[in-house]
Number of protein chains: 2
Amino acid sequence: MDEKLTIQDIARLAGVSKSSVSRVLNNYPAISQELRERVMRVVREYNFVPNVTARGLAGGKTRLVGVLTPPLTWPAVPEMLRGVAEYIERTSYEMVLYSVNFENPTHTDVVDRILSLRMVSGLLAILPCDLTPHLLKHFERGLPMVMINDQEPPERFPCPWVGVDNRTGGYQATRHLLDLGYRRIAHVMGPKRYYCAQERYEGYCQALREAGLEPDPELLLQGEFDPASGRRCARELFARERKRWPEAIFVANDQMAYGFLEVAEEQGIQIPQEIALVGFDDNLVSSHVRPPLTTVRQPFSQMGAKAIELLLKMVDPDHLLPRVRAAEGMGNAGAGMTSATTAPSSAADGSDHQLREPSAPYRSDGTIHIQLETSLVVRASSVPA
Amino acid sequence: MDEKLTIQDIARLAGVSKSSVSRVLNNYPAISQELRERVMRVVREYNFVPNVTARGLAGGKTRLVGVLTPPLTWPAVPEMLRGVAEYIERTSYEMVLYSVNFENPTHTDVVDRILSLRMVSGLLAILPCDLTPHLLKHFERGLPMVMINDQEPPERFPCPWVGVDNRTGGYQATRHLLDLGYRRIAHVMGPKRYYCAQERYEGYCQALREAGLEPDPELLLQGEFDPASGRRCARELFARERKRWPEAIFVANDQMAYGFLEVAEEQGIQIPQEIALVGFDDNLVSSHVRPPLTTVRQPFSQMGAKAIELLLKMVDPDHLLPRVRAAEGMGNAGAGMTSATTAPSSAADGSDHQLREPSAPYRSDGTIHIQLETSLVVRASSVPA
DNA sequence: TATAACATTGAAACCGGTTTCCGTCAAGAC
DNA sequence: GTCTTGACGGAAACCGGTTTCAATGTTATA
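In what follows, the accompanying structure is described. (Residues numbered from 1 in each chain as written. Chains lettered and ligands numbered in written order. Predicted model: local features only at pLDDT ≥ 70, side-chain atom pairs only at ≥ 80, totals over all residues. Heavy atoms only, no water.)

## Some details on the interface of chain B and chain A
If you look at the interface, chain B gives 52 residues, while chain A gives 51 residues. Linking chain B with chain A are zero salt bridges. Between the two partners, chain B and chain A, sit two residue pairs in polar contact (both at pLDDT 80 or more). Elements with a minimum of two residues in the side of chain B that touches chain A: α4 (52-59), α5 (77-88), β2 (94-99), α6 (107-116) and α11 (254-266) of chain B. Across the side of chain B that touches chain A, the residue classes tally to 24 nonpolar, 13 polar and 15 charged. Inspection of the sheet shows strand β2 (residues 94-99) of chain A paired to β2 of chain B by three bridges, in the antiparallel sense. The residue of β2 of chain B that forms the bridge with Met95 of chain A is Leu97 of chain B. (Contact = heavy atoms within 4.5 Å. Salt bridge = Lys/Arg side-chain N within 4 Å of Asp/Glu carboxyl O. Polar contact = N/O pair within 3.5 Å; in protein donor to acceptor, adjacent residues only side chain to side chain. Helix = DSSP H or I, 4+ residues; strand = E, 2+ residues; numbered from the N terminus. Nonpolar A, V, L, I, M, F, W, Y, C, P; charged D, E, K, R; others polar. Pairing = 2+ DSSP bridges.)

Here it is, written out as structure tokens:
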């Protein structure tokens, strides 16, 4: 049905000029109602959709945003992308996924190749690890960019940033254990070079101190955020004489907590009866492990949605306006407007327009940082059923 | 450094015409060595990368392929995409990710909108559920397409298809349990409307019959491929009087097996001591649940890689030829060729050129179907440590 | 040696839109 | 009843490449 019509064909069919069709399609203000209707009738009748490529060339802006991620098999990444996809689905933009394996030493080349194509009008960088400095160079050269990156303090980011308050998260976890009556609470810390690991640790310390306890160096273990290091820490701990065991452990991420659970299982140590466990992240798996893991939930999907919202606002402040755009004319004609007038809202909070409101999270230098909240999810690993 | 140079600028700098630059960039055969070098020197010096959008417009083909997926939080999807991403990373194509929520009733509109943009030169449809008929319409209208879809018999697909041999998979699972000496083996079947569920069931029956056993209707349960139905089946089974219990269970997918494990845990039933369990899929989680799940592994990542390889071969048979393409001139200049001469191979099997080889899996009507092999992964849920 | 055939390369058309520039026409100002 | 002003819409330039077509210089053929 919808053969390759061009704007020229539509113009001819409607008895007007190319430029008029273009103007109608782009909702140019000074257009008479009559002309608009005449064109739109033909557009709808023939199910016309303007060629994106041509649009991109002529208009200088592609309706594409790039999303750079680590391999999708990393925990949390799919959840973030779900948030991104749900938001994007409601706009007229599309997402180009660059899933790169950061272990490949040529990754900076990959990024350069990607970006030099100038195909995307903006980039969302998700957990780009050691690629951050390289990416920031592109940002400084003018590429609109938003980062989700908890390895460094947000203050240090010159570009917009979305993340959570890890300190409060660490506090929540520890406080939960304190509330349950535990006093000897250990912490398995993430890599010190990661800011989020430091913050979680500080939250842990703060909670302890508020409860009149001083963090005990003997109860602080160093992990690497992966299950293997979790296992190592568990073995180290369980090898101690029993009276030197902690009553509870706050592990800095769920991955390491899984390692802990495995070793506990192997050695027949009951969780939470002998040791209570709290993780951090609330990965999809965490409710399925045995026992289900109490953990501090990061709203990954919401983070993705907020981040892409931010990015699109930078690229195109009107990206969610109910503009009459050709793509809407298709499908079941007539109902075209409905999907467009429903502006997407990343969460159910209705807090759009952030970039324009005075309450927007501008930093003093004008950079936008958004910090979402973590929440404690209580499961059996800290509280027996 | 790499400001927006055009092919015109390069032509001027090299003292040749636009067309010559274009020809060099596209490795047109009839080009003198001298001209080629003259142009390439400038291209490299200025780190020139031709504008993809313009290329797309003029050449009529965008270097973009679409990948349509269910939400990435579905099991297996991220793994398939990893395979896709790894393959694509080595080509000059990019992937546009359309992650749609199939529960949204407007999904056919979404697909129409996507495809009518004509932005992608091909589509890889991953587990598109009830969208299949709609997608096939687009295929028949000429959109290059590959499907990963195990809901219907491959024979019924008019389009290229990648999947596994579910029958053999079911056979492997059951055979494993038989080899361990079990005789009363139950099966929790997936939805009957899914072809893969039927196939797995048939493999189960075949293995039993080969062992001289007749499938017992009492030992056949009906699930829905989700954890909830797994729990339901488990409760139903465990509620029976003990002597009517099976010795082992082949559950048609890992998700349902998780439900089984949960209920077993609740009711204090030891696995595998009291009942052995085998799943299907080998999702990422399956090695982490307690006890780790014995399961039939589907090579998801390889499926993704094969599928995208197939698609790119349809769209552009030369997509992996070491053509001298401009994008390669950048990065660390000089080493440009290296990445191009390394043709990507989806697996370590070196079995490229499939579409050209006589051994290619053409069906009688010319359609390509690729069936990969499953493999049994033995873990503690079927064999005590 | 004249000519056909071929290898190279430049000029120009084209891909399908957006946007600038300019002419037309009608309403409001003087 | 002219003149100004602004709304409206058409013609044409432009975005940055690819590809067709034709011209040129060479080499093989007769």
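This is not the end of the story, as more comes after the structure.
## Observations concerning the protein's contact with DNA strand C
Close to DNA strand C lie 27 residues, the nearest being Ile7 and Ser22 of chain A together with Ser17, Ser20 and Arg23 of chain B. Restricting the count to atoms of DNA strand C within 4 Å of the protein gives a sugar and phosphate share of 52%. Taking Asn26 of chain A, its side chain carries an N or O atom lying 2.9 Å from a phosphate oxygen of DNA strand C. For DNA strand C, a phosphate oxygen lies 3.0 Å from a polar atom in the side chain of Arg55 of chain A. (Near = heavy atom within 4 Å.)

## A word on the relation of the copies chain B and chain A
Take chain B, turn it by 180°, move it 0.0 Å along the axis, and it overlays chain A with an RMSD of 0.1 Å. Overall, the copies show the geometry of a two-fold rotation axis. Of every C-alpha in chain B, the one belonging to Val96 of chain B sits nearest the axis of rotation, 2.2 Å from it. When the interface residues of chain B are mapped onto chain A, 98% of them again lie at the interface, so the same face is used by both copies. (Least-squares fit on C-alpha atoms with pLDDT ≥ 70 in both.)

## Here we look at the packing of helix α1 (residues 7-14) of chain A against helix α2 (residues 18-25) of chain A
Residue and element names in this part refer to chain A. Two elements in contact, α1 and α2, have axes separated by 8 Å at closest approach and are oriented at 105°. Compared by their axis directions, α1 and α2 come out roughly perpendicular. For the pair α1 and α2, contact is made by Ile7, Gln8, Ile10 and Ala11 and by Lys18, Val21, Ser22 and Leu25, respectively. Here the residues of the contact of α1 with α2 are counted per class, giving five nonpolar, two polar and one charged. (Axes fitted to C-alpha atoms, helices over the stretch in contact; angles between N-to-C directions. Parallel < 35°, antiparallel > 145°, perpendicular 65-115°, else oblique.)

## Notes on helix α11 (residues 254-266) of chain A
Residues and elements named next belong to chain A. Taking 1.5 Å per residue as the helical rise, α11 with its 13 residues ought to reach 18 Å, and the 18 Å between its terminal C-alpha atoms agrees with that figure. Those residues of α11 that fall on the buried side of the exposure criterion are Asp254, Gln255, Met256, Ala257, Tyr258, Gly259, Phe260, Leu261, Glu262, Val263 and Ala264. Among the structural elements, β6 (185-189), α10 (227-238), β8 (248-251), β9 (276-281) and β10 (294-297) are those in contact with the buried residues of α11. Just downstream of α11, Gly268 is the residue with a positive phi angle, here 70°. (Expected span 1.5 Å × (residues − 1). Buried < 20%, exposed > 50% of the residue type's maximum accessible area, 1.4 Å probe, protein only.)

## Points about the sheet that holds β6 of chain A
One key point about sheets: their strands pair by backbone hydrogen bonds, in either a parallel or an antiparallel sense. Residues and elements named next belong to chain A. One open sheet accounts for six strands, arranged β7-β6-β8-β9-β10-β12; its pairing is mixed. Looking at the sheet topology across the chains shown, the edges are occupied by β7 (220-222) and β12 (375-377). Ignoring strand direction, the axes of neighbouring strands in this sheet form an average angle of 20°. The pairing of β8 with β9 spans three bridges and is classified as parallel. Bridging across to β9, Ala248 finds its partner in Ala276. Where α10 meets the sheet, it contacts β6, β7 and β8, and its direction lies at approximately 140° from that of β7.

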